Amino acid sequence: MNYKSLLAKPFANVIHNSIRKGMMHAVQHQDLIFKNLVKQGAKTQFGKDHRLSAGMDYKAFSQAVPIRDYELMKPYIEQIKAGKPNILWKGKPIYFAKTSGTTSGVKYIPITKDSIPNHIQTARNALFCYMAETGNTAFANGKMIFLSGSPVLERTGDIPTGRLSGIVNHHIPAYLRSNQLPSFETNCIEDWETKLDKIVQETLNKDMTLISGIPPWMQMYFDRLIERTGKKISDIFPHFSVMVQGGVNFQPYRARLMESIGKQVDSIELFPASEGFFAFQDTMDQEGMLLNTNSGIFFEFIPAAEIFNESPTRLSLKEVKLGENYALIINSNAGLWGYNIGDTVKFVSLNPYRILVTGRIKHFISAFGEHVIGEEVEAALQMTLEKHPAKITEFTVAPLIQQGEGKSYHEWYIEFETPPSDKQAFSLSLNEALSRKNVYYQDLMQGNILLPLQIREVQKNGFIQYMKAEGKLGGQNKVPRLSNDRKIAEGLQQFLIA
């Protein structure tokens, strides 16, 4: 056993035991975080504008601080960019995490001295929980890769600015740097395909034991390795045993990834974002990710159906229920207040508090009143794959609204690695599964308002070519599961199988 794995074992047990004890006091931790946030926030410009005061209770806070997205937070961000201190949090941020927004253009998310541990320690905690639970510490001896954005930082005023993954790259502990791949120089390459080829070149003959990234981009990496060698990933990297992933639901990608690997490997799911690291998989035998309730973030939850209401119901952690879809709202020591991150979650356990990410608030189809969400299309596809085996590379769904004659329907754009043997039966089964998941969709079917869904086959690497054409290839960019308009559908037309 290498000294790194030897030293990791007792430290992993300490962290694991601490998390186990802490998860039983989640509500108390949230109360303490709330009190500290309000106390610190009262001294800021935001706090003065919203009359925050030390000792105010949650009810008073929720009345004083409205729910907002980045666009409504932007005037405060602009003041910080202009060099003013004590705007959203004490002092100035130590970084801006730069991320692309669909309506706000580029977003600048503050990361403060107080909030940076949330990003760094949570990833560490996930790995240590895995070590303690499984006893697998051997991967600490080999090479590890995170398919991330460039670590090159620019400056916004006097604040270092870059992609979150690039910022985190600067905080990797010294004892892990010798294990880290790709090289700093390769990580700095902006063009994704050039970067991917260089990553393949650098890692091909290394003892890779852990690979981390968003599933579709891990699949691209695996595909390049297989093309280069003609071998399965497990033959190229025989000690590869841990895959760390997040950003999208893993299930639609699992079968093809495991096929590429050539054996089953353990998977650790994470829920990070530029705004904070919200949850992580803490155990291998329970569904969901443990909510990060003691890491500088006070969580609020709004029933998903109310998120666009003028005065939606706002719930603290102790008020949530199992199985309901909530919009996730955060207040944090990064200076985000009543901030709607755009994701929906549901609780699969309340003791401890574990969640699943169910979709994006803006990613739904309700062209006909059905309000189909990401969780429903992913579940319907999974149910169908169990009946009609196939391997899916990527997919998205859009409405097709007929003008004049003919009825409307949902269009599924699917890139198959291995298509089903009976495509018509697959399509009918998928339509039936979605009807079972969404009663409104079922009613539209029965009312003869919608035709059954139609599948459009996307050619091999069609989604990659689409993302490249949109300037969104690589990094943390993801194909939306579904949309209420035809923008993505129209963009994919040139990549369909005739």
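Everything below is about the structure printed above this text.
Quantities reported herein were computed from a predicted structural model and do not represent experimental measurements.

Colleague: Could you give an account of the overall build of the protein, with specific residues and numbers?
Modeller: When you go through the protein residue by residue, the secondary structure sums to 18 helices and 20 strands. The C-alpha extent of the protein, read off along each of the three principal axes, is 65 × 60 × 45 Å. Put simply, the protein has 498 residues, and 53% of those count as buried. Residue pairs at least 24 apart in sequence account for 66% of intrachain contacts in the protein once pairs closer than 6 positions are excluded. Accessible area for the protein stands at about 21800 Å²; split by element, carbon and sulfur atoms hold 50% of it. For the protein, the centre of its 55 positive side-chain charges and the centre of its 50 negative side-chain charges are spaced 7 Å apart.

Colleague: Tell me about the environment of Met73, and please be specific about residues and values.
Modeller: The topology assignment puts Met73 in helix α5 (residues 70-81). Since its relative accessible area comes to 0%, Met73 is described here as buried. C-alpha separation for the pair Met73 and Gly338, spaced 265 residues apart in sequence, amounts to 9.7 Å. When residues no more than four places from it in sequence are discounted, the contact partners of Met73 are Arg68, Leu88, Gly335, Leu336, Trp337 and Tyr339.

Colleague: Can you lay out unusual backbone geometry for me, pointing to particular residues and giving the numbers?
Modeller: The peptide bond linking Leu181 to Pro182 adopts the cis configuration, its omega dihedral lying at 0 degrees. The step from Asn351 to Pro352 runs through a cis peptide bond, and the omega angle for that step is 5 degrees. Looking at the secondary structure, you find Pro352 in the loop between β14 (339-350) and β15 (353-360). Of note, the phi angle at Arg51 is positive, near 55 degrees, even though the residue is not glycine. On the secondary structure map, Arg51 appears in the loop between α3 (45-49) and α4 (58-64). Backbone geometry at Asn461 places phi at a positive 65 degrees, although glycine is not the residue there. Its place among the elements puts Asn461 in the loop between β20 (454-457) and α17 (462-469). In this structure Asn461 comes out as partly exposed when scored by relative accessible area, which is 29%.

Colleague: Help me get a handle on the packing of aromatic side chains, residues and values and all.
Modeller: A complete count under the given rule lists 23 aromatic pairs for this structure. An aromatic cluster is defined as three or more aromatic residues linked by ring pairs; in this entry it consists of Phe34, Phe46, Tyr58, Phe61, Tyr76, Trp89, Phe298 and Trp337.

Colleague: Report on α5, specifying residues and quantitative values.
Modeller: Helical geometry: 3.6 residues make up each α-helical turn, so side chains three or four residues apart lie on a common side. Regarding α5, the residues found buried are Tyr70, Met73, Tyr76, Ile77 and Ile80. Mapping the buried residues of α5 onto a view down its axis gives an arc of 115 degrees, with all of them on the same face. Backbone nitrogen of Glu71 and a side-chain oxygen of the N-cap are separated by 3.2 Å at the start of α5; the cap is Asp69. Gly83 sits one or two positions beyond α5 and adopts a positive phi of about 100 degrees.

Colleague: Go over helix α6 (residues 116-134) with me, naming the residues and quoting the values.
Modeller: For α6, with 19 residues, the first-to-last C-alpha span of 28 Å sits near the 27 Å given by 1.5 Å per residue. Taken together, the buried positions of α6 are Ile116, Asn118, His119, Thr122, Asn125, Ala126, Phe128, Cys129, Tyr130 and Met131. Positive phi appears at Gly135, one or two residues downstream of α6, with a value of about 80 degrees.

Colleague: Can you break down the sheet that holds strand β19 (residues 409-418) residue by residue, with the values?
Modeller: Pairing is mixed in the open sheet, where three strands are placed in the order β18-β19-β20. In this open sheet, the two strands that pair with only one neighbour each are β18 (391-400) and β20. With strand direction ignored, the average angle separating the axes of adjacent strands in the sheet is 25 degrees. Judged from the four bridges that link them, β19 and β20 form a sheet pairing that is parallel. Bridge pairing in β20 places Ile414 opposite Glu457. Each of β18 and β19 is contacted by α17, which is oriented at about 115 degrees to β19, the strand it contacts most.

Colleague: Give me the lowdown on the pairing of strand β9 (residues 266-273), citing residues and values where you can.
Modeller: Inspection of the sheet shows strand β8 (residues 242-246) paired to β9 by five bridges, in the parallel sense. Residue pairing for β9: Val244 is matched across the bridge by Ile268. For the handedness criterion, the β-α-β arrangement of β8, helix α13 (residues 251-261) and β9 is classed as right-handed. Note that β9 and strand β10 (residues 276-280) share four bridges and pair antiparallel. By the bridge assignment, Ala273 is partnered in β10 with Gly276.

The rules we used
Residues numbered from 1 in each chain as written. Predicted model: local features only at pLDDT ≥ 70, side-chain atom pairs only at ≥ 80, totals over all residues. Heavy atoms only, no water. Helix = DSSP H or I, 4+ residues; strand = E, 2+ residues; numbered from the N terminus. Buried < 20%, exposed > 50% of the residue type's maximum accessible area, 1.4 Å probe, protein only. Contact = heavy atoms within 4.5 Å. Areas by Shrake-Rupley, 256 points an atom, 1.4 Å probe, with all protein chains shown as cover. Lys, Arg positive; Asp, Glu negative; His and termini not counted. Charge placed at Lys NZ, Arg CZ, Asp CG, Glu CD. Phe/Tyr/Trp six-rings, centres within 6.5 Å; stacked < 30°, edge-to-face > 60°. Arc of directions from axis to C-beta. Polar contact = N/O pair within 3.5 Å; in protein donor to acceptor, adjacent residues only side chain to side chain. Expected span 1.5 Å × (residues − 1). Pairing = 2+ DSSP bridges. Axes fitted to C-alpha atoms, helices over the stretch in contact; angles between N-to-C directions. Right-handed = clockwise from strand over helix to strand, strands pointing away.

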